[in-house]
Amino acid sequence: MKAVLVGVGQAGGKLTTALSEFDAEMGFGAIRDAIAVNTATADLEPLPLDTVLVGQSRVNGHGVGGDNELGAEVMDEDSIEVLDAVAPRVTADVEAIVVVAGLGGGTGSGGAPVLVRELSRVYDVPVYALGVLPGRDEGAMYQVNAGRSLKTLVREADATILLDNDAWRSSGESVEGGYAAINESMARRVGLLLAAGEATQGVGESVVDTSEVINTLRAGGMAAVGYGSAPAGEDAGDNVNTVTSTVRSAVMTGLSLPSATTADAGLVVIAGDPERISRKGAEKARKWLQEETGSMQVRGGDFPLDSDRLAAVVLLTGVERSDRIEAFLERARQAIRDEPEEEPDAAEAFQNDEIDDLL
Ligand SMILES: Nc1nc2c(ncn2[C@@H]2O[C@H](COP(=O)(O)OP(=O)(O)OP(=O)(O)O)[C@@H](O)[C@H]2O)c(=O)[nH]1
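Numbering of residues begins from 1 in every chain and follows the order in which that chain's sequence is written. Side-chain atom pairs in this predicted model are given and counted only at pLDDT of 80 or more, local residue features only at pLDDT of at least 70, and totals for whole chains, interfaces and linings cover all residues.

## With respect to the overall build of the protein
So, step 1. A tally of regular secondary structure across the protein gives 11 helices and 10 strands.
So, step 2. For the protein, the C-alpha atoms occupy an extent of roughly 60 × 40 × 40 Å along the three principal directions.
So, step 3. Exposed residues have 12 or fewer other C-beta atoms within 10 Å of their own C-beta, buried residues have 20 or more, and partly exposed residues fall in between, where C-beta atoms are placed from the backbone. In the protein, buried positions account for 57% of the 359 residues.
So, step 4. C-beta atoms are first placed from the backbone for all residues, and any pair lying within 7 Å is then listed as a contact. The long-range share in the protein, meaning contacts at least 24 apart out of those at least 6 apart in sequence, stands at 80%. Each helix is a run of H or I in the DSSP string that is no shorter than four residues. Each strand is a run of E no shorter than two, and both are numbered from the N terminus.

Next comes the structure, spelled out in structure tokens:
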């Protein structure tokens, strides 16, 4: 999928950089262009991207300090500047725009839903959101911000792919300590998904097409991406179990939103040397995913790559009914209940209005 990325806020800018670097290193060319938008000059300066500073008249380049209503307001006021910066990058061959943001802070959390709404008004191509959920230890403000941002993003974006910081937490290691490694790992799975059907090395028997990714995302709502990889035997015949077990581990232990396995639609992409990809294994894995997710709509295909390993990338859409989302929403609701004076109007729910919309 030829995509233009727009990173909003600190996490958005860093993750957009990691995605662009991964795509360039792999030589995929799926990411056609990328920019970063922020209210904080200091967060934009280190990024190797073109940047747009918003909210200068309100916060003078110092960030919005976690206030996502202010983040939404400044994006609303300065959206023309951002749209002007995006416009020359969305050339005729671009198939999607992806707005990338951490949902727990102020600028990305507030700004991303506004920007998605504005971009959707201007462009016919799908506008997706790639949102980072705060870890469970990250404090009430982050949970409240993310709950409200997510509710609004899901309404405004064609699909919202979620990356849960908790999914990358290894025991004893703080999320803050490992952002660079986390971003690289997030970029690998999302980067492979964006490149699937885009830049394939060699010709496979059933190469996945970009339209399969877009059609799977068409189910809308919230989505998760899983990734797993393993060394492969020389021949496809040796790799029936490698394919099935890699797909299983992508879903069971490698999902960007752990245990989000109730889904409306799915896509299984097997990346690797086409000579080594077992058709039987791929078919078995697809059937397994249908049963596991309760979805009849599971697509599949290969991503030919020159490698002696096999990797599985699994996209699941319509995962909002999963326990993980319910647990996150409960954290957001609890945080709202615990701080009634600070969030007086947010005491309503997510699906059922306990959590307010941001816009
Ligand atoms: N995965 C990942 N998460 C990050 C990173 N940096 C921050 N976060 C998460 O993003 C949330 C904070 O959002 P930021 O992007 O730092 O904030 P911001 O959008 O710049 O907003 P303000 O700083 O309030 O102006 C928290 O939940 C952090 O855990 C990062 O590099 N990688």
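## Topic: the site of the ligand
So, step 1. Near the ligand lie 29 residues; those nearest to it are Gly9, Gly102, Gly104, Gly105 and Gly106.
So, step 2. With six residues, the single largest contributor to the shell around the ligand is helix α1 (residues 9–26).
So, step 3. Residues are grouped as follows: Ala, Val, Leu, Ile, Met, Phe, Trp, Tyr, Cys and Pro are nonpolar; Asp, Glu, Lys and Arg are charged; all remaining types, including Gly, are polar. Of the residues belonging to the shell around the ligand, the class tally is 10 nonpolar, 16 polar and three charged. By convention here, the C-beta atom is placed from the backbone, and a residue is near a molecule or strand when that atom is within 6 Å of it.

## With respect to the UniProt feature "binding site: GTP" (unreviewed entry) in the protein
So, step 1. UniProt positions are given in the numbering used here, feature names are shortened, and annotations may be inferred rather than shown by experiment. Sites flagged by UniProt as "binding site: GTP" (unreviewed entry) map to Gln10, Ala11, Gly12, Gly13, Lys14, Gly106, Thr107, Gly108, Glu138, Asn165 and Asn183.
So, step 2. Along the polypeptide, Gly12 turns up in helix α1.
So, step 3. Judged by the 31 C-beta atoms lying within 10 Å of it, Gly12 is buried.
So, step 4. Aside from chain neighbours lying at most four places away, what touches Gly12 is Gly7, Ala36, Val100, Ala101, Gly102 and Gly108.
So, step 5. Along the chain, Asn183 falls in helix α7 (residues 179–195).
So, step 6. By C-beta crowding, Asn183 is classed as buried, having 22 other C-beta atoms within 10 Å.
So, step 7. Excluding residues within four positions of it along the chain, Asn183 makes contact with Lys14, Leu15 and Ala18.

## A short note on the nonpolar core
So, step 1. Structurally, a nonpolar core is described as a collection of buried Ala, Val, Leu, Ile, Met, Phe, Trp, Tyr and Cys residues joined by way of C-beta atoms within 7 Å. Counting 118 residues, the largest nonpolar core has Val6, Val99 and Val313 as its most contacted members.
So, step 2. When residues of this core are assigned to their parent elements, the largest contribution, eight residues, is made by α7.
So, step 3. Segmentation of the chain into domains, including their bounds, is taken from an automatic or database domain assignment. Here this core spans two domains, and each of domain 1 (3–195 + 322–346) and domain 2 (225–316) adds at least three residues to it.
So, step 4. Excluding its chain neighbours within four sequence positions, the residues that come into contact with Val6 are Ile35, Val37, Val86, Ile97, Val99, Val100 and Leu115.

## Thoughts on the packing of helix α4 (residues 68–86) against helix α5 (residues 107–122)
So, step 1. Two elements in contact, α4 and α5, have axes whose closest approach is 7 Å; the angle formed by their N-to-C orientations is 40 degrees. If you check the angle between α4 and α5, you find them oblique. In the packing of α4 onto α5, the handedness of the crossing is right-handed. Contacts from Asn68, Glu69, Leu70, Gly71, Ala72, Met75, Asp76, Ser79, Val82, Leu83 and Val86 in α4 reach Thr107, Ser109, Gly110, Gly111, Pro113, Val114, Leu115, Glu118, Leu119 and Val122 in α5.
So, step 2. When grouped by side-chain class, the residues that make up the contact of α4 with α5 number 11 nonpolar, seven polar and three charged. Note on geometry: axes are lines fitted to C-alpha atoms, helical ones only across the stretch in contact, with angles between N-to-C directions running from 0 to 180 degrees. Here the angle decides the label: under 35 degrees means roughly parallel, over 145 means roughly antiparallel, 65 to 115 means roughly perpendicular, and every other value means oblique. Crossing handedness follows the turn of the near helix against the far one: under a right angle anticlockwise gives a left-handed crossing, and clockwise gives a right-handed one.

## Topic: the pairing of strand β2 (residues 31–38)
So, step 1. Burial of β2 is extensive: six of the eight residues sit out of reach of the surface.
So, step 2. Here strand β1 (residues 3–8) pairs with β2 via six bridges, running parallel. Its bridge partner being in β2, Leu5 is matched across the sheet by Ala34.
So, step 3. For the crossover from β1 across α1 to β2, the handedness is right-handed. Between any two strands, at least two bridges found by DSSP are needed for them to pair. The crossover handedness rule: strands pointing away from the viewer, path from first strand over the helix to second strand clockwise, crossover right-handed.

## Points about the pairing of strand β6 (residues 159–164)
So, step 1. Counting buried residues in β6 gives six out of six residues, a clear majority hidden from the surface.
So, step 2. With six bridges connecting them, strand β5 (residues 127–133) and β6 associate as parallel partners. The partner of Gly131 across the bridge, within β6, is Leu162.
So, step 3. For the crossover that starts at β5, traverses helix α6 (residues 140–156) and ends in the parallel β6, the hand is right-handed.
So, step 4. The pairing of β6 with strand β7 (residues 222–231) spans two bridges and is parallel.

## Focus on the domain arrangement of the protein
So, step 1. Taken domain by domain, the protein consists of domain 1 (3–195 + 322–346) and domain 2 (225–316).
So, step 2. Its C-alpha centre places domain 1 at a distance of 28 Å from the equivalent point of domain 2.
So, step 3. Of the residues lining the interface, 14 residues belong to domain 1; the matching set on domain 2 comes to 14 residues.
So, step 4. Breaking the side of domain 1 that touches domain 2 down by element, the ones donating at least two residues are β6, α7 and α11 (323–338).
So, step 5. At five residues, α7 tops the list of elements feeding residues into the side of domain 1 that touches domain 2.

## What about the confidence of the model for the protein?
So, step 1. pLDDT runs from 0 to 100 and stands for how confident the predictor is about each residue. This prediction gives the protein a mean pLDDT of 91; 91% of its residues lie at or above 70.
So, step 2. The ipTM value of the predicted complex is 0.99, and its pTM value is 0.93.

## Details of helix α9 (residues 240–252)
So, step 1. Any helix carries an expected span of 1.5 Å times its number of residues minus one. For α9, with 13 residues, the first-to-last C-alpha span of 18 Å sits near the 18 Å given by 1.5 Å per residue.
So, step 2. Among the residues of α9, those classed as buried are Thr242, Val243, Thr244, Thr246, Val247, Ala250 and Val251.

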